[in-house]
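Each chain is listed here by its residues.
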Amino acid sequence: MASASQTSSATAASTSASSSDLDLDSIYAFAVQLTKDAGQRLLDGAKARMAGGGVIDTLEKDSSVDLVTQADEDVEAFVKKEITARYPTHGFLGEESYSKGASRDYLVGGGPTWIVDPLDGTVNYTHLFAMYCVSIGFVVDGKPVIGVIYAPMLNQLFSACKGKGAFLNESIPLPLQQNPVVPPLPANAPSGCIFSCEWGKDRRDFAGGNLSRKVESFVTMATERQGKNGLGGMVHGVRSLGSAAMDLAYTAAGSFDIWWEGGCWEWDVAAGFAILEEAGGLVTTANPPESKVGDYSDVAVEDAHLGGRLYLAIRPAGASADGAETARQAQERVAREVWKRVASLDYTRPGV
Ligand code: IPD
């Protein structure tokens, strides 16, 4: 990890440790309570506005769709203060403090590090659309091991700690549908799947730009099977919630089958990765492998890079009824089917 003197936008963990050296139980309990407290602050702000408490204080960052509100700032300051007081040796990376710095490098190293989005779905929050949340991830050796996502207006809290299960509201195991078994992925996926994606903040209008490539990909996934030269995905539905963290939470829940996205950052996904992986899901990269065109059958499906800004997540799955395909094989099959139908996105950054 970069040292604090290299950047003012992230604080480095002073020591590295493996997750077995850490008291993950108490860190997890602390993270859950902290996320609830932070979410309550967001909800108090929303309720005040609903009661006629004034106009939301909003500033534009990189563009008119990249917003920061006073609530983002206040909640990040609160979360950082609580974490620093309790775990002074841990690193901290928060969306708002990072965004103020000049660096866009990937800064997460091996030490225990908190990765925080104080308000994911800021645009939704400004519109009082309930799909916003606090997202707090805890990463060791660069891997998310604890994740908590709390959507206070929905009263939904998604959480997981490595090896201890993933839950909705601390008691309902994820994925939600597992009685009598977790459903297998459809044999003709992506048909039968809900495909979740985001329009994102890159709205530049040029051929081959991220916006046009995303739209082309969404349309291919939605099109009837015989359309698009046989690549039509005929998915059950295309959903865009406006919060990457909520997308990942619902993929971990099994409500979404596929999440495909480029452009978001580690604070949008760290908690969601921990929850999805603990629930049995798979996260890999959004872009089709460059070495091949169309046939990815012998391409290894690698884990996503946390800071890679290109993500493809597949929900937890059961093995096929006849036992011929394991859950992992099915997830990799679906990842390859998605790659056949989507365009490559360009979200490069230093340090990845
Ligand atoms: C954004 C949301 C959105 C995703 C953007 C993120 P924010 O986070 O997660 O769904 O498409 O890339 O930046 O700005 O609301 O915290």
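Note that the coordinates shown come from a computational prediction; the quantities given were computed from them, not determined experimentally.

Here the focus is the site of the ligand. Inspection of the region around the ligand gives 15 residues, with Asp120, Gly121, Thr122, Lys201 and Ala244 positioned closest. Within the backbone of glycine 242, a nitrogen or oxygen atom sits 3.3 Å from an oxygen atom of the ligand. Protein contacts shield 93% of the accessible area of the ligand, which totals 380 Å² for the unbound molecule. In a pocket analysis with a 2 Å cut-off to the grid points, the ligand is assigned to the largest pocket. At three residues, the largest contribution of residues to the shell around the ligand is made by strand S5 (residues 113-120). In the shell around the ligand, the residues fall into three nonpolar, five polar and seven charged.

Of note, glycine 147 is situated in strand S7 (residues 143-151). The class for glycine 147 is buried, based on a relative accessible area of 0%. For the pair glycine 147 and phenylalanine 158, spaced 11 residues apart in the sequence, the C-alpha separation amounts to 8.0 Å. Beyond its immediate sequence surroundings of up to four residues, glycine 147 is in contact with Ile136, Gly137, Phe158, Ser159, Ala160, Ala271, Ala274 and Ile275.

Right, let's get into the domain arrangement of the protein chain. Quite often, the size of an interface is put as the accessible area lost when its parts meet. We note that the domain assignment places domain 1 (4-173) and domain 2 (194-339) within the protein chain. Each of domain 1 and domain 2 was reduced to a C-alpha centroid, and the two centroids are 23 Å apart. Tallying the contact residues gives 40 residues for domain 1 and 26 residues for domain 2. Contact between domain 1 and domain 2 buries roughly 2,500 Å² in total, counting both sides, with carbon and sulfur atoms accounting for 69%. For the pair domain 1 and domain 2, the interface holds one salt bridge. A salt bridge links lysine 201 to aspartate 66; the shortest N-O distance between them is 3.0 Å. Along the contact surface separating domain 1 from domain 2 lie nine residue pairs in polar contact (both at pLDDT 80 or more). Residue assignment for the side of domain 1 that touches domain 2 shows that the elements contributing at least two residues are helix H3 (95-100), S5, strand S6 (133-140), S7 and strand S8 (156-161). A per-element tally of the side of domain 1 that touches domain 2 places S7 first, with seven residues.

What follows concerns the nonpolar core. Ile149, Phe158, Leu174 and Met246 are the most contacted members of the largest nonpolar core, which totals 43 residues. Of all the elements in the fold, those that place two or more residues in this core are S6, S7, S8, strand S9 (166-168), helix H7 (244-253), helix H8 (266-279) and strand S15 (310-314). Among all residues touching phenylalanine 158, those that are not within four sequence positions of it are Gly147, Val148, Ile149, Phe167, Leu168, Leu174, Met246, Ala249, Tyr250, Ala253 and Ile275. Grouped together as the second largest cluster of nonpolar side chains are 36 residues, Ala71, Phe78, Val79 and Val145 included.

Pairing in this open sheet of five strands is mixed, and the strands run S12-S11-S13-S15-S14 from one edge to the other. Edge positions in the open sheet fall to strand S12 (237-239) and strand S14 (282-284), since each of these has one partner strand only. The mean angle between the axes of side-by-side strands here comes to 15°, regardless of whether they run parallel or antiparallel. The sheet contact formed by strand S13 (residues 258-262) and S15 spans five bridges and is antiparallel. The partner of tryptophan 259 across the bridge, within S15, is alanine 313. Set on the sheet, helix H9 (residues 327-341) makes contact with S13, S14 and S15; between it and S15 the angle comes to about 135°.

Attention now moves to the state of the cysteines. Scanning the model with the defined rule gives zero disulfides in all. Here cysteine 161 is not cross-linked by a disulfide; its sulfur's nearest cysteine counterpart is in cysteine 133, at 19 Å. The exposure class of cysteine 161 is buried, given its relative accessible area of 0%. Distance from the sulfur of cysteine 193, which forms no disulfide, to the nearest cysteine sulfur (cysteine 197) is 13 Å. Exposure remark for cysteine 193: the relative accessible area of 0% places this residue in the buried category.

For the rest of this paragraph, the subject is the side chain of aspartate 268. Mapping aspartate 268 onto the fold places it in helix H8. It turns out aspartate 268 is buried and unbridged, and the closest side chain with the opposite charge, lysine 201, is 6.4 Å from it. Ignoring anything within four residues of it in the chain, the contact list for aspartate 268 reads Asp117, Asp120, Ala244, Ala245 and Leu248.

Scoring rules and cut-offs
- Residues numbered from 1 in each chain as written.
- Predicted model: local features only at pLDDT ≥ 70, side-chain atom pairs only at ≥ 80, totals over all residues.
- Heavy atoms only, no water.
- Near = heavy atom within 4 Å.
- Polar contact = N/O pair within 3.5 Å; in protein donor to acceptor, adjacent residues only side chain to side chain.
- Areas by Shrake-Rupley, 256 points an atom, 1.4 Å probe, with all protein chains shown as cover.
- 1 Å grid on protein atoms, 1.4 Å probe; cavity = no way out; pocket = protein on both sides within 12 Å on 5 of 7 lines; lining within 4 Å.
- Sits in = over half its atoms within 2 Å of the grid points.
- Helix = DSSP H or I, 4+ residues; strand = E, 2+ residues; numbered from the N terminus.
- Nonpolar A, V, L, I, M, F, W, Y, C, P; charged D, E, K, R; others polar.
- Buried < 20%, exposed > 50% of the residue type's maximum accessible area, 1.4 Å probe, protein only.
- Contact = heavy atoms within 4.5 Å.
- Domains from an automatic or database assignment.
- Buried area = accessible area lost by both parts, 1.4 Å probe.
- Salt bridge = Lys/Arg side-chain N within 4 Å of Asp/Glu carboxyl O.
- Core = buried A, V, L, I, M, F, W, Y, C linked by side-chain atoms within 4.5 Å.
- Pairing = 2+ DSSP bridges.
- Axes fitted to C-alpha atoms, helices over the stretch in contact; angles between N-to-C directions.
- Disulfide = S-S within 2.5 Å.
- Lys, Arg positive; Asp, Glu negative; His and termini not counted.

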